[in-house]
Amino acid sequence: SQKIEQNSEALNIQEGKTATLTCNYTNYSPAYLQWYRQDPGRGPVFLLLIRENEKEKRKERLKVTFDTTLKQSLFHITASQPADSATYLCALAVNTGKLIFGQGTTLQVKP
Amino acid sequence: GAGVSQSPSNKVTEKGKDVELRCDPISGHTALYWYRQSLGQGLEFLIYFQGNSAPDKSGLPSDRFSAERTGGSVSTLTIQRTQQEDSAVYLCASSATGRSGNTIYFGEGSWLTVV
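Notes on the structure in this doc start here. (Residues numbered from 1 in each chain as written. Chains lettered and ligands numbered in written order. Predicted model: local features only at pLDDT ≥ 70, side-chain atom pairs only at ≥ 80, totals over all residues. Heavy atoms only, no water.)

1. Quick notes on the overall build of chain A
Within chain A, the regular secondary structure consists of zero helices and 11 strands. Along chain A, helices (α) and strands (β) appear in the sequence β-β-β-β-β-β-β-β-β-β-β when read from the amino end. For chain A, whose C-alpha radius of gyration is 13 Å, the value lies close to the compact-globule estimate of 13 Å for 111 residues. When the backbone C-alpha atoms are referred to their principal axes, chain A occupies close to 40 × 30 × 20 Å. In chain A, buried positions account for 46% of the 111 residues. Within chain A, contacts between residues separated by at least 24 positions form 53% of all contacts whose residues are at least 6 apart in sequence. With an accessible surface of roughly 5,600 Å², chain A has 45% of that area assigned to carbon and sulfur atoms. With 14 positive and 10 negative side-chain charges, chain A shows a separation of 2 Å between the mean positions of the two kinds. (Helix = DSSP H or I, 4+ residues; strand = E, 2+ residues; numbered from the N terminus. Rg over C-alpha atoms; globule rule 2.2 N^0.38 Å. Buried < 20%, exposed > 50% of the residue type's maximum accessible area, 1.4 Å probe, protein only. Contact = heavy atoms within 4.5 Å. Areas by Shrake-Rupley, 256 points an atom, 1.4 Å probe, with all protein chains shown as cover. Lys, Arg positive; Asp, Glu negative; His and termini not counted. Charge placed at Lys NZ, Arg CZ, Asp CG, Glu CD.)

Next up, the structure:
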């Protein structure tokens, strides 16, 4: 069956460290993958998109990798800050326009 | 408008009643999506509209759920004979074209509680 898996356990790290979140998928051949941030009680907000032919994408302190052989994406936040605390969702484009989301990983950055 | 607007923001309804949730997408966006998010869970795809194409309804959980999009803009998600398991946040999103690589913009959701 098709699955998108993110670590359901919360990730707790110290301010200034690099946070790494994982998104694994099975039985999909996505054209691209997106990462979103969601704060409690709010809708998700788009962060980054990476296409199947791209290995890595960066935006400020954020970096995303995409390995279509391993069927995995890694999302990194460098020099993390307490304000980065939120739930992070990965989403796969399974056909044109339709996005399927993982269940999200909650990140807690402690000062 | 400036962003995706959803109404009502909160709705409490009695089991068995029908509810309508409204979504105003960003002006000019041709693609519109509905997702459902239960407490502490990820986003569950419900339905996707793209321009004049037939909507992708593959995520609707039962025939009690339906959605329409009038004039290629405003969308209404209707839940008939609500059940307690329908309690969730219903999120609407829109994108400029729905094509590969388009950013999706979400509204703040309609929080539905069925008592």
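2. A few points about the state of the cysteines
A full pass over the atoms with the stated rule returns two disulfides over all chains. With a sulfur-sulfur separation of 2.0 Å, C23 of chain A is cross-linked through a disulfide to C90 of chain A. Since a negative S-S torsion denotes a left-handed disulfide, the C23 of chain A-C90 of chain A link at about 60 degrees is right-handed. Of this pair, C23 of chain A sits in strand 3 (residues 19–26) while C90 of chain A is found in strand 9 (residues 86–95), placing the two residues 67 residues apart along the sequence. For C23 of chain A, a relative accessible area of 0% corresponds to the buried category. Sulfur-sulfur distance for the disulfide between C23 of chain B and C92 of chain B comes to 1.9 Å. On the sign convention where negative is left-handed, the bridge of C23 of chain B and C92 of chain B, at about -70 degrees about the S-S bond, is left-handed. One end of the pair, C23 of chain B, is in strand 3 (residues 19–24); the other, C92 of chain B, is in strand 8 (residues 88–95), with 69 residues separating them in the sequence. The burial state of C23 of chain B is the same as that of C92 of chain B; both residues are buried. (Disulfide = S-S within 2.5 Å.)

3. Concerning the packing of aromatic side chains
Using the criterion set out here, one finds 12 aromatic pairs over all chains in the structure. On the basis of an interplanar angle of 90 degrees and a centroid distance of 5.8 Å, the ring pair of Y36 of chain A and F106 of chain B is categorised as edge-to-face. One end of the pair, Y36 of chain A, is in strand 4 (residues 32–38); the other, F106 of chain B, is in strand 9 (residues 105–106), on a second chain. Classification of F106 of chain B by relative accessible area gives buried; the value is 11%. Relative to F106 of chain B, the ring of F101 of chain A has its centre 5.9 Å away and its plane inclined at 75 degrees; by these criteria the two rings are edge-to-face. In this pair, F101 of chain A is assigned in strand 10 (residues 98–101) and F106 of chain B in strand 9, connecting two distinct chains. For the pair formed by F101 of chain A and F106 of chain B, the shared burial category is buried. Through a chain of ring-to-ring contacts, three or more aromatic side chains come together here, namely Y36, F46 and F101 of chain A together with Y33, Y35, F45, Y48 and F106 of chain B. (Phe/Tyr/Trp six-rings, centres within 6.5 Å; stacked < 30°, edge-to-face > 60°.)

4. Considerations on the nonpolar core
In this structure, W35, F75, Y88, L99 and F101 of chain A together with Y35 and F106 of chain B are the most contacted members of the largest nonpolar core, which totals 43 residues. For this core, the element with the most residues is strand 9 of chain A, which contributes seven residues. If we skip the residues at most four places from it in the chain, Y35 of chain B touches L99 and F101 of chain A together with L43, E44, F45, L46, V89, Y90, L91 and F106 of chain B. In this structure, C23, W34, I47 and V114 of chain B belong to the second largest nonpolar core, which totals 20 residues. (Core = buried A, V, L, I, M, F, W, Y, C linked by side-chain atoms within 4.5 Å.)

5. So, the sheet that holds strand 7 (residues 75–79) of chain B
Residues and elements named next belong to chain B. Spatial ordering of the open sheet is given by 1-3-7-6, a layout of four strands whose pairing is antiparallel. What marks the edges here is a single partner per strand, and that holds for strand 1 (5–7) and strand 6 (65–69). Averaged over all neighbouring strand pairs, the angle between strand axes comes to 15 degrees, with direction disregarded. When strand 6 meets strand 7, the two strands line up antiparallel, connected through five bridges. Directly across from F65, in strand 7, lies its bridge partner I79. (Pairing = 2+ DSSP bridges. Axes fitted to C-alpha atoms, helices over the stretch in contact; angles between N-to-C directions.)

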